[in-house]
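Coordinates in review
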Amino acid sequence: MSTPSKPLAGIKVLDISRVLAGPWCGQMLADMGADVIKVERPVAGDDTRHWGPPWLNGTTESAYYLCANRGKRSITIDMAKPEGQALIRQLVSQSDVLLENFKVGGLKKYGLDYASLKELNPKLVYCSITGFGQESPYAHRAGYDFMIQAMGGIMSLTGKPDSEPGGGPVKSGVAFTDIFTGLYATNAVLSALYQRRDSGVGCHIDMALMDVQVGVLANQALNYLTSGNVPQRLGNAHPNIVPYQAFATRDGHIIVAVGNDEQFRRFCEVLALGQLAADERFATNGARVHHRESLVPLLEAALAQRTIDEWLAAFEAVGVPCGPINTLDRVFDDPHVKARGLKQTLPHTQAGQVDLVANPIRINGHSLSATTAPPSLGEHTEHVLNDIGITPAQQQALREAGII
């Protein structure tokens, strides 16, 4: 499934994770050239296969499932049965990486926990993804992205202030914590593989959604830790930079992202408010943050006088960062998105073809994205079992017993 030109060619990954964080990690590894075998329950498969509508035309494949599983091979195994556990151990013996997101201790009863599998394959990099990690007061709680966004603080920072109409905490429009956890897990797996090259032994990676959510609070975490002041929701404004927010124009909203004092001077000149850049209340970013409530209404009144396109042209002409707030139809029609090939169309066994989002990594001018579509449920069961020496007769017996 991998090609020699890709960085992880020759690496075998057994992905027994479900939903998003684990599969996102597996998808990244597949994009990088690893042979990723997705293990799913017979008949039902990954939960996300049923998270629709929308469905891929003419199929029962959900858009949600399609977003996180390109480039993989799918095999169905009932790991609750001893025969299924034996098959997974055979696959583990030939794998470099295992991805799982079962509850803490959930795989021990099957003999598929790290302690058991490292005896079988000491070189195995075993990555566990849970809500709260292997060791935590909350270790046995289930972890869901929405809940973790709330507990981990990001929802206290996202949305309008309570004092404004529509105020209140808001989650991210995508599963922010799951996706970040998948990316962190990918980095962890890559570093573990690099370390294994020298040590010859694998390791157990312990990834927690809650840890990742706290880890990506970034400047807001340091705003609190540095000052002791709890950051509040600012809507589309920025806590450390002004003006850096959405503004209403005559026919809609634009984003203005003024990153330094020189940009602010040029911004004010375009607005015919050049005197503001010389005003000591607004001359530096620190002063503008302090006097945000005085400055922003002046900018809002000026920006309301012209249209989105007029302002974008004027600001771009003098190098003031700005942009429209695009809906997704406009995103995928954007010249940049088209030029960079961020929408890819791949053959699909049931639908004929499927449109997907490409991996944004480019190496030597080439996209790293996978070249095969998300697999249909069990599409590669026969091929994968052939690879590990399970005969056709044995496979038929396993099918009849409901193991595969």
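Below you will find a few notes about this structure.

Basis of the calculations
Residues numbered from 1 in each chain as written. Predicted model: local features only at pLDDT ≥ 70, side-chain atom pairs only at ≥ 80, totals over all residues. Heavy atoms only, no water. 1 Å grid on protein atoms, 1.4 Å probe; cavity = no way out; pocket = protein on both sides within 12 Å on 5 of 7 lines; lining within 4 Å. Points joined across faces, edges and corners; volume = space filled by probe spheres on them. Helix = DSSP H or I, 4+ residues; strand = E, 2+ residues; numbered from the N terminus. Nonpolar A, V, L, I, M, F, W, Y, C, P; charged D, E, K, R; others polar. Patch = residues over 30% accessible without salt bridge, like charges linked within 9 Å, V, L, I, M, F, W, Y side chains within 5 Å. Areas by Shrake-Rupley, 256 points an atom, 1.4 Å probe, with all protein chains shown as cover. Salt bridge = Lys/Arg side-chain N within 4 Å of Asp/Glu carboxyl O. Buried < 20%, exposed > 50% of the residue type's maximum accessible area, 1.4 Å probe, protein only. Disulfide = S-S within 2.5 Å. Pairing = 2+ DSSP bridges. Axes fitted to C-alpha atoms, helices over the stretch in contact; angles between N-to-C directions. Contact = heavy atoms within 4.5 Å.

What follows concerns the layout of surface pockets. It is the rolling of a water-molecule-sized probe over the atoms that shows where space remains empty. Of the pockets and cavities examined, the largest pocket occupies roughly 890 Å³. For the largest pocket, the lining is made up of 30 residues, of which Trp-24, Ala-63, Cys-67, Phe-332 and Val-357 are closest to its centre. When residues of the lining of the largest pocket are traced back to their parent elements, those giving at least two are α1 (21-31), α2 (63-66), α6 (176-199), α14 (328-332) and β11 (352-357). The element that contributes the greatest number of residues to the lining of the largest pocket is β11, accounting for four residues. Classifying every residue of the lining of the largest pocket by side-chain character gives 25 nonpolar, two polar and three charged. Taken as a whole, the second largest pocket holds about 670 Å³ of empty space. Of all elements in the fold, only β7 (244-248), α11 (285-290) and α12 (292-303) reach the threshold of two or more residues within the lining of the second largest pocket. A per-class count over the lining of the second largest pocket returns 11 nonpolar, six polar and six charged.

Time to look at unusual backbone geometry. Note the cis peptide between Gly-52 and Pro-53, where omega equals 5°. With respect to the helices and strands, Pro-53 occurs in the loop between β2 (35-40) and α2. With omega at -5°, the peptide bond leading from Val-242 into Pro-243 counts as cis. Assignment of secondary structure puts Pro-243 in the loop between α8 (218-227) and β7.

Here we take up a nonpolar patch on the surface. Taken together, the side chains of Tyr-138, Tyr-144, Met-147 and Met-151 present a nonpolar region at the surface, about 380 Å² in accessible area. With respect to the helices, strands and loops of the structure, Tyr-138 is situated in the loop between β5 (125-130) and α5 (145-151). You can call Tyr-138 partly exposed: its relative accessible area is 33%.

Tallied over the full model, the rule gives zero disulfides. Between Cys-268, a cysteine without a disulfide, and Cys-322, which holds the nearest cysteine sulfur, the sulfur-to-sulfur distance is 14 Å.

Strand order across the open sheet formed by six strands is β3-β2-β1-β4-β5-β6, with parallel pairing between neighbours. Two strands lie at the open edges of the sheet, namely β3 (73-76) and β6 (203-208), each paired on one side alone. With direction set aside, neighbouring strand axes in the sheet form an average angle of 20°. With six bridges connecting them, β5 and β6 associate as parallel partners. Each bridged residue has a counterpart across the sheet, and for Ser-128 the counterpart in β6 is Asp-206. The strands touched by α6 within the sheet are β4 (97-100), β5 and β6, with β6 carrying the most contacts at an inclination of about 165°.

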